[in-house]
Amino acid sequence: MREFLSVFAKRLLKSLGIVTLMVSLLLLSGGNGSLIGALLLGYFTGGIFVGTMVYRIWRSAGLSADGAKKQMLWGLVLRLGMLFIVLFTAVHISVQVFGVTVLGFLLFYGLSLVHLILGNIDIKRL
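Scope of this entry: the structure provided in the associated data block. Note that the structure is a prediction, hence the values are computed from the model and not measured. (Residues numbered from 1 in each chain as written. Predicted model: local features only at pLDDT ≥ 70, side-chain atom pairs only at ≥ 80, totals over all residues. Heavy atoms only, no water.)

## Section: the environment of G42
Next, step 1: Structurally, G42 can be placed in helix 2 (residues 36-60).
Next, step 2: For the pair G42 and F105, spaced 63 residues apart in sequence, the C-alpha to C-alpha distance is 4.2 Å.
Next, step 3: With near-sequence residues (within four places) excluded, G42 lies in contact with T101, G104 and F105. (Helix = DSSP H or I, 4+ residues; strand = E, 2+ residues; numbered from the N terminus. Contact = heavy atoms within 4.5 Å.)

Structural data, given as structure tokens:
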């Protein structure tokens, strides 16, 4: 599992770096370079979201069905609460900050899911 997560993290960081460069250039060319921090906040939120999801799944793998259900529900409440707090704060700063924060979160979350799926497909081929 640790080997899989190591490969997953390397691939994710590489693709995230490419996407960050493209979005940052887009923001800078539009005169909105100050929104790059909001993009990074979205990445950070996505990282916490995906990290807690993976940790809860890993932790619940050895539990009974009831224990795993409680573990996953508690994790869902924590993830959604954290997402609500960050996005609620961002929308109170400005609509642009909210939009870029959501974009950063969705980019991180989407790329993470794609890399998890591809990693799972690679494991099944072996």
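## Considerations on the packing of aromatic side chains
Next, step 1: Going through the model one piece at a time under the given rule, you end up with five aromatic pairs.
Next, step 2: Measuring from ring centre to ring centre gives 5.5 Å for F49 and Y109, while their planes differ by 85 degrees; the resulting arrangement is edge-to-face. Residue F49 is located in helix 2, and its partner Y109 is located in helix 4 (residues 95-125); the two are separated by 60 residues in the primary sequence.
Next, step 3: A relative accessible area of 8% means that F49 is categorised as buried.
Next, step 4: Taken together, the ring pairs in this structure connect F49, F105 and Y109 into an aromatic cluster.
Next, step 5: Lying across the ring of F49, R79 places its NZ or CZ 5.5 Å from the centre. (Phe/Tyr/Trp six-rings, centres within 6.5 Å; stacked < 30°, edge-to-face > 60°. Buried < 20%, exposed > 50% of the residue type's maximum accessible area, 1.4 Å probe, protein only. Lys NZ or Arg CZ within 6 Å of the ring centre and 35° of its normal.)

## A word on the nonpolar core
Next, step 1: Core analysis: the biggest nonpolar cluster contains 18 residues, and Y43, V100 and F108 have the highest contact counts within it.
Next, step 2: Among the elements of the structure, helix 1 (2-29), helix 2 and helix 4 are those that each provide at least two residues to this core.
Next, step 3: Sequence-distant contacts of Y43, defined by excluding residues within four places in its chain, comprise L16, V19, T20, G104, F105, L107 and F108.
Next, step 4: Of all hydrophobic cores here, the second largest spans six residues; its members include F49, L83, V86 and L87. (Core = buried A, V, L, I, M, F, W, Y, C linked by side-chain atoms within 4.5 Å.)

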